[in-house]
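Listed below, chain by chain, are the residues.
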Amino acid sequence: MSTKLSTVWNFLAGNKYLITIVIGVAVVGFIDDNSFMRRFQYDLQISGLKAEIQKYSLENEQSTKALQELRRDPKAIEKIARERYFMKADDEDIYVLSTDQPTSSPEQETITGIDETIE
């Protein structure tokens, strides 16, 4: 037993600098809060956040331009009211055209007098 212990002790004593460097690199590279892996993860997160900043900056510019247009031109407000909220002037009639095929339910068939059964 003492020969094995002395062999291990001689190995540790002879390579103490190498062991210290390996443990230090392991702590700094993987275990520590400021490790290289965490730094890499933070860099990825920062690049994603920068992309979001660009997206929202572009959206902000578009919204600012639209707001300035609304402040300058009353016709723009009227256009938005007509398109989004289906508003109309007093002297206008609005017709909504649909390309959807009407679906008939059994209740509608009995109301209109059409009672067809397929066998």
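Residues numbered from 1 in each chain as written. Predicted model: local features only at pLDDT ≥ 70, side-chain atom pairs only at ≥ 80, totals over all residues. Heavy atoms only, no water.

(A) Representation of the overall build of the chain in the model. Of the regular secondary structure elements, the chain holds five helices and zero strands. Each helix (α) and strand (β) of the chain, taken in turn from the N terminus, gives the series α-α-α-α-α. Taking all 119 residues of the chain together, 3% fall into the buried category. Counting only carbon and sulfur atoms, one obtains 60% of the accessible surface of the chain, whose full area is about 11900 Å². (Helix = DSSP H or I, 4+ residues; strand = E, 2+ residues; numbered from the N terminus. Buried < 20%, exposed > 50% of the residue type's maximum accessible area, 1.4 Å probe, protein only. Areas by Shrake-Rupley, 256 points an atom, 1.4 Å probe, with all protein chains shown as cover.)

(B) Quick look at a nonpolar patch on the surface. Together, Ile23, Val27, Val28, Phe30, Ile31, Phe36 and Met37 make up a nonpolar patch on the protein surface, roughly 730 Å² of accessible area in all. Put simply, the parts of the chain that give the nonpolar patch at least two residues each are α2 (16–31) and α3 (36–72). Looking at the nonpolar patch, the element that brings in the most residues is α2, giving five residues. Looking at where phenylalanine 36 falls in the secondary structure, it is placed in helix α3. (Patch = residues over 30% accessible without salt bridge, like charges linked within 9 Å, V, L, I, M, F, W, Y side chains within 5 Å. Salt bridge = Lys/Arg side-chain N within 4 Å of Asp/Glu carboxyl O.)

(C) Up close: the confidence of the model for the chain. Taken over all residues, the pLDDT of the chain has a mean of 81, while the share at 70 or more is 85%. Element-level mean pLDDT values for the chain span from 54 in helix α5 (residues 106–112) up to 94 in α3. (pLDDT = per-residue confidence, 0-100.)

(D) Quick look at the side chain of serine 35. Looking at where serine 35 falls in the secondary structure, it is placed in the loop between α2 and α3. Look at serine 35 and you get buried, because its relative accessible area is 2%. A polar side-chain atom of serine 35 sits 3.3 Å from the main-chain amide nitrogen of arginine 38. With residues up to four places along the chain from it excluded, the contact list for serine 35 reads Val28, Gly29 and Phe30. (Polar contact = N/O pair within 3.5 Å; in protein donor to acceptor, adjacent residues only side chain to side chain. Contact = heavy atoms within 4.5 Å.)

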